[in-house]
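A structural walkthrough
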Amino acid sequence: MEHALKLLLASMPMIFALGFLAPVIAQGMDALGWSAPFGTTNLIFALVVAGTLGIVAQIRGSWV
Amino acid sequence: MSETITLPSDLSSLPEKDLRKLELQIARKHSGMFPWEAVVWAFGNLVCWLALWPLVLLDVVPLWLGFIIATINMSLVYLPTHEAQHDIIARPGAKLRWLNELVGHATSWMIVTPFNVFRFTHLEHHKHTNHPELDPDITSNADGPWQAIWQAIKQRQPNGKRSQDYLASLQRQGRDDLVLMTILFRLGHLAILCALAWSGFALEAFFLWWLPYHIALTYLVFFLSWAPHYPQPEQGRYRNTRSWMSKVGNIGSMGMQFHIVHHLHPYIPLTRTPAAYREMRPILEARGCRLEDH
């Protein structure tokens, strides 16, 4: 239980990125009428952007 | 309550025990009353923020306006819980003790922290103000206002020392249960945000909770933690907190210009600290306090 909780906490930046940030970006783009480049959907584009930011935050331990 | 306490014209020659007696007389004069403002503030703020959700989701209130109101709501959460942390609404054993606890528990979740975590860590802050290892709020230390804002943001990052200091403070006090509670609050908050986001309400979750929460925390750390204790190295009852003049006034700085009175006499309600400060000022001056309100 403790191990699972620690793993969950350690993964918070990625969970936040894919679970929250990605839909925020996608729905923000939808609201602004923006289309994702390279023929992808807004959601796929947002998952890539948020996922990249999440990986960086995960490694650096910081979003800023 | 309205009794007049006359201070001698020359306080510098008074012995410590007489200064202390006068100081306590003033403190007692401004304490002991029921702080109804804090109770109305706590529940009014909670109801207002909860009401925002259906109002925004039903397009009665535009999201941009909801965001502004939510940011104000988030900034207003802390101080009523702070009154409750210090048992100002009702002390243990008092008839209205349940209300004191209700104010704390019913509102502190909005800023994703269990009430008792605020209580235990804040009382440690009072006990060890500005101590580099024992004050859980020491990470708000910064060389100037812009650095303080940046520091407040940096300390909330996954590798920030602030949350480690809070957890260490709870562990020192043998409250591992509150460490677990804090983790559950954080996970619960994230779960709610994710659930809302994947249900199509990502922007509402972002602008009504996540962003207001972060703006409010920066604001709260700046005015409640950094400004009254700057520069942090000063320790000791009469030196660890200062009075100061805020560019955004007393309301804009949430009454923190007179935070020195709160640290000396934490049982005085927030709304009474300005009056208590004005009356106590000559005593504080005689004691060599850091009075920077001019």
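What you see is a predicted model; the values in this text were computed from it and never measured. (Residues numbered from 1 in each chain as written. Chains lettered and ligands numbered in written order. Predicted model: local features only at pLDDT ≥ 70, side-chain atom pairs only at ≥ 80, totals over all residues. Heavy atoms only, no water.)

A tally of helices and strands in chain B yields 11 helices and two strands. Reading chain B from its N end, one meets helices and strands in the order α-α-α-α-α-α-α-α-β-α-α-α-β. By the compact-globule yardstick of 19 Å for 294 residues, chain B fits well, its C-alpha radius of gyration being 20 Å. C-alpha extents for chain B along the principal axes are approximately 70 × 40 × 40 Å. Burial status across chain B gives 54% buried among its 294 residues. By element, 65% of the accessible surface of chain B is carried by carbon and sulfur atoms, the whole surface being about 13500 Å². Counting 26 positive and 24 negative side-chain charges, chain B places the averaged centre of each group 3 Å from the other. (Helix = DSSP H or I, 4+ residues; strand = E, 2+ residues; numbered from the N terminus. Rg over C-alpha atoms; globule rule 2.2 N^0.38 Å. Buried < 20%, exposed > 50% of the residue type's maximum accessible area, 1.4 Å probe, protein only. Areas by Shrake-Rupley, 256 points an atom, 1.4 Å probe, with all protein chains shown as cover. Lys, Arg positive; Asp, Glu negative; His and termini not counted. Charge placed at Lys NZ, Arg CZ, Asp CG, Glu CD.)

All right, on to the overall build of chain A then. Scanning chain A from terminus to terminus reveals three helices and zero strands. Going from N to C terminus, chain A has its helices and strands arranged as α-α-α. Relative to the 2.2 N^0.38 estimate, which gives 11 Å for 64 residues, the radius of gyration of chain A is 14 Å and therefore markedly larger than a compact globule would have. Considering only C-alpha atoms, chain A reaches an extent of 45 × 20 × 20 Å along its principal axes. Taking all 64 residues of chain A together, the buried fraction comes to 38%. Sequence-distant contacts in chain A: of pairs separated by 6 or more residues, those separated by 24 or more amount to 57%. Carbon and sulfur atoms make up 75% of the accessible area of chain A, which totals about 3800 Å². (Contact = heavy atoms within 4.5 Å.)

As a further point, take helix 5 (residues 115–127) of chain B. Residue and element names in this part refer to chain B. In this model helix 5 runs 18 Å from its N-terminal to its C-terminal C-alpha over 13 residues, within 8% of the 18 Å that 1.5 Å per residue would give. With 10 of its 13 residues buried, helix 5 lies for the most part within the structure. Looking only at helix 5, the buried set comprises Phe-115, Asn-116, Val-117, Phe-118, Arg-119, Thr-121, His-122, Glu-124, His-125 and His-126. The inward-facing, buried residues of helix 5 contact helix 3 (63–85), helix 4 (97–108), helix 7 (161–172), helix 8 (176–229) and helix 10 (259–264). (Expected span 1.5 Å × (residues − 1).)

So, on to the domain arrangement of chain B. Residue and element names in this part refer to chain B. Here chain B is described as being made up of domain 1 (1–30 + 247–294) and domain 2 (35–235). The centre of domain 1, based on its C-alpha atoms, is set 27 Å off from the matching centre of domain 2. Counting from both sides, the interface comprises 16 residues of domain 1 and, opposite them, 23 residues of domain 2. Summed over both partners, the interface of domain 1 with domain 2 buries about 1600 Å², with 66% contributed by carbon and sulfur atoms. (Domains from an automatic or database assignment. Buried area = accessible area lost by both parts, 1.4 Å probe.)

Once that is clear, we can look at the packing of aromatic side chains. Two aromatic rings are characterised by how far apart their centres lie and by the angle between their planes. Scanning the model with the defined rule gives 18 aromatic pairs over all chains in all. A ring pair is formed by Tyr-78 of chain B and Phe-118 of chain B, whose centres lie 5.1 Å apart and whose planes are at 80°; its orientation type is edge-to-face. With Tyr-78 of chain B in helix 3 and Phe-118 of chain B in helix 5, this residue pair connects regions lying 40 residues apart in the sequence. For Phe-118 of chain B, a relative accessible area of 10% corresponds to the buried category. Here the aromatic cluster, defined as three or more aromatic residues joined through ring pairs, consists of Phe-16, Phe-20 and Trp-63 of chain A together with Phe-67, Phe-206, Phe-207 and Trp-210 of chain B. (Phe/Tyr/Trp six-rings, centres within 6.5 Å; stacked < 30°, edge-to-face > 60°.)

Residues and elements named next belong to chain B. By the definition in use, this model includes 19 salt bridges over all chains. The partner of Glu-16 in a salt bridge is Arg-287, and the shortest N-O contact between them spans 2.8 Å. Here the residue Glu-16 occupies a position in helix 1 (residues 16–29), and Arg-287 occupies one in the loop between helix 11 (273–286) and strand 2 (290–292), the gap between them amounting to 271 residues. Through salt bridges with shared partners, a single network forms among Glu-16, Arg-20, Glu-23, Arg-237 and Arg-287. (Salt bridge = Lys/Arg side-chain N within 4 Å of Asp/Glu carboxyl O.)

Glancing now at the environment of Ala-38 of chain B. Residue and element names in this part refer to chain B. Here Ala-38 shows up in helix 2 (residues 36–57). Among the residues examined, Ala-38 registers a relative accessible area of 5% and is labelled buried. Through-space distance from the C-alpha of Ala-38 to that of Gln-147 is 31 Å; in sequence the pair is 109 residues apart. The residues touching Ala-38, leaving out its near neighbours within four places in the chain, are Pro-80 and Glu-83.

Before going further, it helps to examine the packing of helix 3 of chain B against helix 5 of chain B. Residues and elements named next belong to chain B. Where helix 3 meets helix 5, the axes come as close as 10 Å, and the angle between the chain directions of the two elements is 65°. Classed by the angle they form, the pair helix 3 and helix 5 counts as roughly perpendicular. Once helix 3 is placed against helix 5, the crossing between them reads as right-handed. Contact with helix 3, carried on its side by Tyr-78, Thr-81, His-82, Ala-84 and Gln-85, involves Phe-115, Phe-118, Arg-119, His-122 and Leu-123 of helix 5 and no other residues of that element. Taken together, the residues of the contact of helix 3 with helix 5 sort by class into five nonpolar, four polar and one charged. (Axes fitted to C-alpha atoms, helices over the stretch in contact; angles between N-to-C directions. Parallel < 35°, antiparallel > 145°, perpendicular 65-115°, else oblique. Left-handed = near helix turned anticlockwise from the far one by under 90°. Nonpolar A, V, L, I, M, F, W, Y, C, P; charged D, E, K, R; others polar.)

Bringing the side chain of Gln-155 of chain B into the picture now. All names here are of chain B. With respect to the secondary-structure elements, Gln-155 resides in the loop between helix 6 (145–154) and helix 7. Overall, Gln-155 belongs to the buried group, its relative accessible area being 12%. At a separation of 2.9 Å, a polar atom in the side chain of Gln-155 contacts the main-chain amide nitrogen of Arg-162. Not counting residues within four places of it along the chain, the set of residues in contact with Gln-155 comprises Thr-139, Gly-160, Lys-161 and Arg-162. (Polar contact = N/O pair within 3.5 Å; in protein donor to acceptor, adjacent residues only side chain to side chain.)

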